[in-house]
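# Geometric and topological summary
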Amino acid sequence: MFPTTSSSEPGFQQLPLNTTLPRDWKTLTSGPEIPEMPLVCLTDFQAYAQKHLSKSTWDYIEGGADECFTRDDNITAFKKIRLRPRYLKDVQEVDTRTTVQGEEITAPICISPTGFHCLVWPDGEMSTARAAQAAGICYITSTYASCALEDIVATAPRGLRWFQLYMQSDKQLNKQLVQKVESLGFKALVITVDVPKLGNRRQDIQNQLDLKMNLLLKDLRSTKEKNPMPYFQMFPIDASFCWNDLSWLQSITRLPIILKGILTKEDAELAVKHNVHGIIVSNHGGRQLDDVLASIDALAEVVAAVKGKMEVYLDGGIRTGNDVLKALALGAKCVFLGRPILWGLAYKQGEYGVEEVLNIIKNEFHTSMALTGCRSVAEINQDLIQFSRL
């Protein structure tokens, strides 16, 4: 409030006791009338989502396996990499465009598969798909999407979509899902390989989180409408699926097959041997096996092992445009965002929050390119980085 007597502190003025304060003086002191500060980076969206989502939903999104060491290391590992900028280059025009599996995207920043978007926003994956389409990037839709695939496609018909598949024990169900996504215009099949068994997520256990009682997944459910069991019982992930089974998968689809969850050169070499089309270096956001390598620390090994025979992508720990640049410098063709997309979905009517998240990190990446002397994605190489000695 305005002081009505003199003060020795600088900036204070003496006002007569009968001074009439401005009519809207309360707006200067009352919280709700003060405009919220704009969200300017991805971690701002993280803080907003934590404040506005229920504890169980927040814990589900943010949780990792066991002690969450790998989840946190995904982020801190990027900070061990330093940039080596090159100057006195003409960077008046910087082009962030690239391609994935032959399809052009506006920037090498796409959306990872995450499930249950309706927990965060009622339109769920439909909002995510619309945001991806507006941004001109690829969206990998999860097997555990909480919206029907037909609705996701219909709401963003021009979007570039890949489909992530958890191999089910029911072989016929796998075949039906693959045929369905192919007919709906999905452009690639992403097989998650790091979940033969669900990781030990302590917070979900403590919260007694029971997604299966709230969300029966429409596309999995459609083949077994009369079965009242929850989906985790109806559709168990096939723990026996192995390298030799890839040939069966390749026989039932013309879509390129990408393996998500590869972390070692040995598995990367097997991926080449089995003629898959790409690898997403990933540790599932630290949600599966704790104490494994951060995704960025595993990237170079995988890139070296495939010897340019397939595209390699990365997810896990991407929070800034500098992170994107570092991943590309180490050989990633593109990066994928997981949790930040869900943070955006919790903000500003779903899709608009996701659009803001994507625009912020795309603009940061553009700045990172300009400030390191890169006029195109093709100019990003390993000479731009070095690992900290600390």
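Residues numbered from 1 in each chain as written. Predicted model: local features only at pLDDT ≥ 70, side-chain atom pairs only at ≥ 80, totals over all residues. Heavy atoms only, no water.

### Examining the overall build of the chain
A tally of helices and strands in the chain yields 15 helices and 12 strands. Here the contacts in the chain between residues at least 6 apart in sequence split such that 70% fall between residues at least 24 apart. Looking at the chain as shown, the accessible area adds up to about 19300 Å², and 51% of this sits on carbon and sulfur atoms. (Helix = DSSP H or I, 4+ residues; strand = E, 2+ residues; numbered from the N terminus. Contact = heavy atoms within 4.5 Å. Areas by Shrake-Rupley, 256 points an atom, 1.4 Å probe, with all protein chains shown as cover.)

### So, helix 6 (residues 171-183)
Taking 1.5 Å per residue, 13 residues should reach 18 Å; helix 6 reaches 19 Å between its end C-alpha atoms and fits that length. Residues of helix 6 that are buried include every one of Leu-173, Asn-174, Leu-177, Val-178, Lys-180, Val-181 and Glu-182, and no others. Backbone geometry just after helix 6 places Gly-185 at a positive phi near 95°. (Expected span 1.5 Å × (residues − 1). Buried < 20%, exposed > 50% of the residue type's maximum accessible area, 1.4 Å probe, protein only.)

### Focus on the packing of helix 11 (residues 265-273) against helix 12 (residues 295-306)
Two elements in contact, helix 11 and helix 12, have axes separated by 8 Å at closest approach and are oriented at 35°. Seen from above, helix 11 lies across helix 12 with right-handed handedness. In contact with Lys-265, Glu-266, Ala-268, Glu-269 and Val-272 of helix 11, helix 12 contributes Glu-301, Val-302, Ala-305 and Val-306. Looking at side-chain class alone, the contact of helix 11 with helix 12 contains five nonpolar, no polar and four charged residues. (Axes fitted to C-alpha atoms, helices over the stretch in contact; angles between N-to-C directions. Left-handed = near helix turned anticlockwise from the far one by under 90°. Nonpolar A, V, L, I, M, F, W, Y, C, P; charged D, E, K, R; others polar.)

### Some words on unusual backbone geometry
Of note in this structure, Cys-68 is not a glycine but carries a positive phi near 65°. Residue position: Cys-68 is located in the loop between helix 2 (55-62) and helix 3 (69-76). The residue Asp-291 is not glycine, and still its phi comes out positive at about 70°. Its place among the elements puts Asp-291 in the loop between strand 9 (278-281) and helix 12.

### Points about helix 2
By the criterion of burial, helix 2 is predominantly enclosed, with six of the eight residues buried. Within the sequence span of helix 2, burial applies to Thr-57, Trp-58, Asp-59, Tyr-60, Ile-61 and Glu-62. On the buried face of helix 2, the contacting elements are helix 1 (42-52), helix 3, helix 7 (202-206) and helix 14 (339-345).

### Topic: the environment of Lys-307
Following the sequence through the fold, Lys-307 ends up in the loop between helix 12 and strand 10 (311-315). C-alpha of Lys-307 to C-alpha of Val-272: the two residues are 35 residues apart in sequence and 9.2 Å apart in space.

### Focus: the environment of Lys-175
Here Lys-175 is to be found in helix 6. Spatially, the C-alpha atoms of Lys-175 and Thr-253 are 8.8 Å apart, while their sequence positions differ by 78 residues. Ignoring sequence-local partners within four residues, the contact set of Lys-175 consists of Trp-248 and Ile-252.

### Comments concerning the packing of aromatic side chains
Across all of its chains, the model carries nine aromatic pairs by this definition. Their ring planes at 25° and their centres at 6.1 Å tell us that Phe-116 and Tyr-144 sit as a pair that is stacked. With Phe-116 in the loop between strand 4 (109-111) and helix 4 (125-135) and Tyr-144 in the loop between strand 5 (138-141) and helix 5 (149-155), the pair connects residues that are 28 residues apart, well separated along the chain. Both residues of the pair, Phe-116 and Tyr-144, belong to the buried class. Among the aromatic residues, those joined into a ring-pair cluster are Tyr-60, Phe-116, Tyr-144 and Tyr-166. The side chain of Arg-161 reaches across the aromatic face of Phe-186, ending 5.3 Å from its centre. Cation over ring: Arg-287 sits above Tyr-60, and NZ or CZ is 5.0 Å from the ring centre. (Phe/Tyr/Trp six-rings, centres within 6.5 Å; stacked < 30°, edge-to-face > 60°. Lys NZ or Arg CZ within 6 Å of the ring centre and 35° of its normal.)

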